[in-house]
Amino acid sequence: MQPPEPRASKRIRLLIVDDMPEMAQNVQKLLHFERDIQVIGTAANGREAIAKASSMNPDVVLMDINLRDMDGLKATEMITRQTACCVVMMSVQSEPEYLTRAMMVGARGYLIKPFTSDDLINTVRTAAAATAAADHRRPAAAPPPSPAANAPQALRKIIAIFSPKGGVGRSVIAANLAVALKRESNARVVLVDAHLQAGDQHVLLNINSPNSIDDLREAGSLDQQIIDGVVAIHEGSGLGVLRAPVALESAELFTSDAMKAILVELREHFDYLIIDTDTSFSEANLTVLEMADLILLVTTLEVTTINRVSQFFEVMERLGYARSKVKLVCNRVDSLFGIQPRHVETRLHQHFLSQIPDDPRLVVTSVNRGVPFIISHRSAPISRAIQVLAQRVASLATQPENAGKERKGWSQR
Ligand SMILES: Nc1ncnc2c1ncn2[C@@H]1O[C@H](COP(=O)(O)OP(=O)(O)OP(=O)(O)O)[C@@H](O)[C@H]1O
Ligand SMILES: [Mg+2]
């Protein structure tokens with residue numbers, strides 16, 4: 001059955017987004033005789049589409065899935081989040097996974113190219129009718145809350161997860177902590193993968209976006225629109241994710257100034273920047289540590305790691321970092337390892353902010369599935385430990401800056 005043709009006075013206002021002008025023209029031709037559908041504009045890339053969707057207020061956006069500047073799925077997600085428009089995706093891909101992903105980001109219809117004018121007209125009408133019906137059912141709405149509506153305040157805190165030793169669990173902790181913070185506080189949280197040569201946060205969180213921190217470096221001057229276009233949204237939590245560069249050789253282009261410019265701008269747009277790091281003392285890594293309000297220094301109960309962490313405290317002193325901004329986290333805690341956490345605390349003259357149990361089976365399964373254990377196994381001891389860590393981090397973050405020096409958990413910027 002064909003969807004009813006709306007009355008002429010209720011024309012469906014359509015915006016066509018395709019980076020091939022001839023494709024947009026073809027669609028216009030196919031719709032030429034449809035009195036109830038009016039093409040009000042075209043856009044040749046994702047950014048233009050987002051801008052026009054906001055300013056022209058179309059009923060339906062017909063969006064190609066492959067755009068030059070931005071994934072069409074990402075543009076769709078932003079449009080459905082920021083406007084009342086509904087989106088119909090167009091693609092040459094017929095794989096069901098694309099259809100699922102399109103629906104997950106809020107698309108209301110899907111057209112496989114090449115399509116007939118009947119397919120096009122019916123899909124556009126159906127999508128517009130479904131959206132109008134949904135709007136009708138929705139109670140008179142207050143303006144949508146900003147993403148940080150329930151967040152206590154604009155925090156703008158940078159938290160680096162660091163260790164001078166590799167393979168100790170920085171990435172696993174960073175991913176799960178970021179998800180936990182997002183869930184606990186509903187703040188604006190972005191996970192930044194600054195392990196520039198071998199970042200794997202996109203694997204841990206199953207992020208398929210090709211956009212990376214390198215796009216922000218290349219863009220130079222950043223604004224909300226560019227950041228929104230590059231930061232991927234993790235489906236299971238709403239966490240923002242900025243993956244490491246896709247091209248490994250880009251790592252060396254991250255000077256101190258480049259990294260600083262990115263972090264300064266991101267800090268304006270998020271409450272928490274959770275930054276995964278590498279083990280090196282490269283310019284970029286040192287800039288992250290310097291700018292961090294809090295460094296979660298990860299150790300395990302292995303003597304080689306403990307030695308390196310101890311040396312790092314000396315390096316920190318030489319670099320002039322406030323010791324108060326470093327909090328120790330003990331990962332892979334197991335009572336059978338010979339060294340106990342309290343021995344390490346004595347050696348390093350600091351208590352652990354958190355002790356995270358060793359759970360190879362759960363961690364490896366979670367990494368292999370790309371689903372953080374904090375989501376899949378919320379009540380496992382390792383997830384509880386991460387939740388406690390997130391609460392402690394949030395509580396340090398909201399302590400007043402002017403509290404007494406002894407009690408203050410965060411360095412002054
Ligand atoms: N609490 C834990 N229990 C069991 N295994 C863990 C735990 N934390 C991390 N691992 C395992 O340790 C390994 C290293 O973890 P991860 O990649 O997070 O470390 P990293 O410090 O980021 O390493 P890299 O130096 O490669 O960046 C992984 O195989 C992971 O499965
Ligand atoms: Mg890592």
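Residues numbered from 1 in each chain as written. Chains lettered and ligands numbered in written order. Predicted model: local features only at pLDDT ≥ 70, side-chain atom pairs only at ≥ 80, totals over all residues.

Caption draft 1: A look at the sheet that holds strand 12 (residues 326-333). Strand order across the open sheet formed by eight strands is 8-9-7-10-6-11-12-13, with mixed pairing between neighbours. Looking at which strands have only one partner, the edges of the open sheet turn out to be strand 8 (232-233) and strand 13 (352-357). Here strand 7 (residues 189-193) pairs with strand 10 (residues 272-276) via five bridges, running parallel. Residue Asp 193 lies in a different strand from strand 10, and its bridge partner there is Asp 276. The sheet contacts of helix 16 (residues 381-397) involve strand 6 (157-162), strand 11 (294-299), strand 12 and strand 13, and relative to strand 13 the element is tilted by about 160 degrees. (Pairing = 2+ DSSP bridges. Helix = DSSP H or I, 4+ residues; strand = E, 2+ residues; numbered from the N terminus. Contact = placed C-beta atoms within 7 Å. Axes fitted to C-alpha atoms, helices over the stretch in contact; angles between N-to-C directions.)

Caption draft 2: Region of the structure containing the site of ligand 1. Lining the immediate surroundings of ligand 1 are 19 residues, of which Gly 166, Gly 169, Arg 170, Ser 171 and Val 172 lie closest. Elements with a minimum of two residues in the shell around ligand 1: helix 6 (170-185), strand 12 and helix 14 (360-369). Per-element accounting of the shell around ligand 1 gives the leading share, four residues, to helix 14. (Near = placed C-beta within 6 Å.)

Caption draft 3: Representation of the sheet that holds strand 2 (residues 37-43) in the model. One open sheet accounts for five strands, arranged 2-1-3-4-5; its pairing is parallel. This sheet does not close on itself; its edge strands, each paired only once, are strand 2 and strand 5 (109-112). Direction aside, neighbouring strands of the sheet carry axes that sit 25 degrees apart on average. In the sheet, strand 1 (residues 12-17) pairs with strand 3 (residues 60-64) via four bridges, with the strands oriented parallel. Paired with Leu 14 across the two strands is Val 60, which belongs to strand 3.

Caption draft 4: Examining the packing of helix 10 (residues 256-269) against helix 11 (residues 283-291) more closely. Viewed as axis vectors pointing N to C, helix 10 and helix 11 meet at an angle of 40 degrees, and their least axial separation amounts to 8 Å. When the axis of helix 10 is compared with that of helix 11, the two are oblique. Both helix 10 and helix 11 take part in a crossing whose hand is right-handed. On helix 11, the residues that touch Ser 256, Met 259, Lys 260 and Leu 263 of helix 10 are Glu 283, Ala 284, Thr 287, Val 288 and Met 291. (Parallel < 35°, antiparallel > 145°, perpendicular 65-115°, else oblique. Left-handed = near helix turned anticlockwise from the far one by under 90°.)

Caption draft 5: Structural detail: helix 3 (residues 72-82). With eight of its eleven residues buried, helix 3 lies for the most part within the structure. Looking at helix 3, one finds that the buried residues are Gly 72, Leu 73, Lys 74, Ala 75, Thr 76, Glu 77, Met 78 and Ile 79. (Buried ≥ 20, exposed ≤ 12 C-beta atoms within 10 Å, placed from the backbone.)

Caption draft 6: Quick peek at the packing of helix 2 (residues 46-56) against helix 3. The interhelical angle for the contact between helix 2 and helix 3, taken along N-to-C directions, is 15 degrees, at an axis separation of 10 Å. The angle between helix 2 and helix 3 places the two elements in the roughly parallel class. Crossing handedness for the pair helix 2 and helix 3: right-handed. Counting all contacts with helix 2, which are made through Gly 46, Ala 49, Ile 50, Ala 53 and Ser 54, the residues of helix 3 involved are Gly 72, Lys 74, Ala 75, Met 78, Ile 79 and Gln 82.

Caption draft 7: View of the pairing of strand 1. Strand 1 sits mainly inside the fold: five of its six residues count as buried. Examined bridge by bridge, strand 1 and strand 2 share six bridges and lie parallel to one another. Residue pairing for strand 2: Ile 12 is matched across the bridge by Ile 37. Read as a crossover between parallel neighbours, the route from strand 1 over helix 1 (residues 21-30) to strand 2 is right-handed. (Right-handed = clockwise from strand over helix to strand, strands pointing away.)

Caption draft 8: Representation of the environment of His 351. As for its position among the elements, His 351 is in the loop between helix 13 (341-348) and strand 13. Linking His 351 and Leu 328, residues 23 residues apart in sequence, is a C-alpha distance of 7.0 Å.

No statement about biological role is implied by the geometric values presented.
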